[in-house]
Amino acid sequence: VEWLAIVYAFTNVASPAISIPAGFTRENLPVGLQIVAPCRGEGPLLAAAKLMEDMIGLGQITPIDPRPGA
């Protein structure tokens, strides 16, 4: 679980972070993108996340059914 340290390290130093969908692998597994902003940078962070989501264009296919065929 050492690889998880980078995920929560930003929270430990009071930097806001957000994870957004970024696409899918060849095996159709979801891939995410984590964006981090400086302390008290929530507004620009949310604006950047919205811009990235619009640029990637996954809004039409997310959220996905976690149990396809169920």
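Everything below is about the structure shown above.
Attention here is on the structure that accompanies the text. Predicted model, so just to flag it, every value in this text is computed and none were measured. Each residue is numbered by its place in its chain's sequence as written, counting from 1. In view of the model being predicted, local features appear only for residues whose pLDDT reaches at least 70, and side-chain atom pairs are presented and counted only at 80 or more, with totals across whole chains, interfaces and linings using the full set of residues. Values shown for side chains rest on all heavy atoms present in the structure; no hydrogens or waters enter the calculation.

Right, let's talk about a nonpolar patch on the surface for a bit. For patch building, the residue pool is restricted to those with more than 30% relative accessible area and no salt bridge; the joining distance is 9 Å between like charges and 5 Å between nonpolar side chains (Val, Leu, Ile, Met, Phe, Trp, Tyr). Accessibility throughout is a Shrake-Rupley quantity obtained with a 1.4 Å probe, and a residue counts as covered only by protein chains that appear here. A side-chain nitrogen of Lys or Arg and a carboxyl oxygen of Asp or Glu constitute a salt bridge if their distance falls within 4 Å. Together, Val 1, Trp 3, Leu 4, Ile 6, Val 7 and Tyr 8 give the surface a local cluster of nonpolar side chains, amounting to about 670 Å² of exposed area. Under the DSSP-based scheme used, a helix requires at least four consecutive residues in state H or I and a strand at least two consecutive residues in state E, with every element numbered from the N terminus. Relative to the assigned elements, Val 1 resides in the segment before α1 (5–12). Think of it in three bands: with a 1.4 Å probe and only protein chains considered, a residue is buried below 20% of the maximum accessible area for its type, exposed above 50%, and partly exposed in between. With relative accessibility at 80%, the residue Val 1 sits in the exposed group.

This part covers the nonpolar core. Within this scheme, the nonpolar core is defined by two criteria: the residues are buried Ala, Val, Leu, Ile, Met, Phe, Trp, Tyr or Cys, and they are joined through side-chain atoms within 4.5 Å. Residues Ile 20, Ile 35, Ala 37, Leu 45 and Ala 49 constitute the largest nonpolar core, which totals five residues. In this structure, Ala 37 is in contact with Ser 15, Pro 16 and Leu 45, ignoring residues within four places of it in sequence. It only takes one pair of heavy atoms within 4.5 Å for two residues to be counted as in contact.

Moving on, we come to the pairing of strand β2 (residues 30–36). Strands qualify as paired when DSSP identifies two bridges or more between them. Two elements, strand β1 (residues 17–24) and β2, share seven bridges in a ladder whose sense is antiparallel. What sits directly across from Pro 21, in β2, is Gly 32. Where β1 folds back on β2, the antiparallel hairpin that results is connected by five residues, among which Asn 28 adopts a positive phi of roughly 70°.

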